[in-house]
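Given next are the chains, with one letter for each unit.
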Amino acid sequence: MATEVLVNDGGAPARILPFTAGSAITAGRAVEMDGDGAIDHAGVDAHNVIGIALTDAAANDIASVVTGKGVILNCAVSGTMDEGKLLDVHTAGILVTGTDATIAASGTTVAVCLETGSGTGVRLVKCLMRN
């Protein structure tokens, strides 16, 4: 399993920004901003994903978040992954592949998967960010 979240910004305009964690944050998971300005793991079909957590952070600590379209990151995923498939947030910031029709209709695509494979539990796989 990969241990680094940031793989390659590919010259893309990647930014690593500091935010206050509203709850414990796990590196590699998609995060969203809450109404209080703190970040938490993104929820199912989140429309307000701001990026992927670069590091773990405890509640009320500063969490580093990678943002930028075209950035390649190791993201937390669950289920079977196929290269080129669109990824959406399932729960707790974990990305999953969905049917193309479902994801297109929801408008919540976060990334494109760059690896093929399956496994049990949550793992990190290489993804191209779309936000």
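Residues numbered from 1 in each chain as written. Predicted model: local features only at pLDDT ≥ 70, side-chain atom pairs only at ≥ 80, totals over all residues. Heavy atoms only, no water.

Let us look at the pairing of strand β9 (residues 94-97). Here is the key point about a regular strand: its side chains alternate between the two faces of the sheet. When strand β8 (residues 86-91) meets β9, the two strands line up antiparallel, connected through 4 bridges. Along β9, the bridge assignment pairs Leu87 with Thr97. If you look at the hairpin formed by β8 and β9, you'll find 2 residues sitting between the two strands, and Ala92 has a positive phi there, around 50°. (Pairing = 2+ DSSP bridges. Helix = DSSP H or I, 4+ residues; strand = E, 2+ residues; numbered from the N terminus.)

Turning next to the nonpolar core. Grouped together as the largest cluster of nonpolar side chains are 21 residues, with contacts concentrated most on Leu73, Leu87, Leu95 and Met129. Secondary-structure elements contributing two or more residues to this core are β5 (49-53), β7 (72-77), β8, β10 (111-113) and β11 (123-129). One finds Phe19, Ile39, Ala63 and Val65 within the second-largest nonpolar core, a separate group that totals 9 residues. (Core = buried A, V, L, I, M, F, W, Y, C linked by side-chain atoms within 4.5 Å. Buried < 20%, exposed > 50% of the residue type's maximum accessible area, 1.4 Å probe, protein only.)

Below, the discussion takes up the sheet that holds strand β4 (residues 39-41). Strand order in the open sheet formed by 5 strands is β2-β6-β5-β3-β4, with antiparallel pairing between adjacent strands. Each edge of the sheet is formed by a strand with only one pairing partner; in this case those strands are β2 (15-20) and β4. Across the sheet, the mean angle from the axis of one strand to that of its neighbour is 45°, orientation sign disregarded. Two strands pair when backbone bridges link them, and strand β3 (residues 30-33) and β5 are joined in this way by 3 bridges, in the antiparallel orientation. Bridging across to β5, Glu32 finds its partner in Val49. (Axes fitted to C-alpha atoms, helices over the stretch in contact; angles between N-to-C directions.)

Let's shift gears to the side chain of Thr67. Tracing the sequence through the fold places Thr67 in strand β6 (residues 62-67). The contacts of Thr67, once residues within four sequence positions are left out, are Pro13, Ala14, Arg15, Leu17, Ile50 and Gly51. (Contact = heavy atoms within 4.5 Å.)

In terms of residue burial, β11 counts as a mostly covered element, since 5 of its 7 residues are buried. In the sheet, β7 pairs with β11 via 6 bridges, with the strands oriented antiparallel. Each residue of the ladder has a partner; that of Val77, found in β11, is Arg123.

Looking now at the environment of Val122. Structurally, Val122 can be placed in the loop between β10 and β11. Spatially, the C-alpha atoms of Val122 and Ala76 are 6.1 Å apart, while their sequence positions differ by 46 residues. If sequence neighbours within four positions are ignored, Val122 has contacts with Arg29, Ala76, Val77 and Ile94.

If you walk through the whole model with that rule in mind, you get 0 disulfides. With no disulfide of its own, Cys75 has Cys127 as its nearest cysteine by sulfur position, at a separation of 4.1 Å. Cys127 provides the cysteine sulfur closest to Cys113, a residue in no disulfide bond, and the two sulfurs are 5.2 Å apart. You can call Cys113 buried: its relative accessible area is 0%. (Disulfide = S-S within 2.5 Å.)

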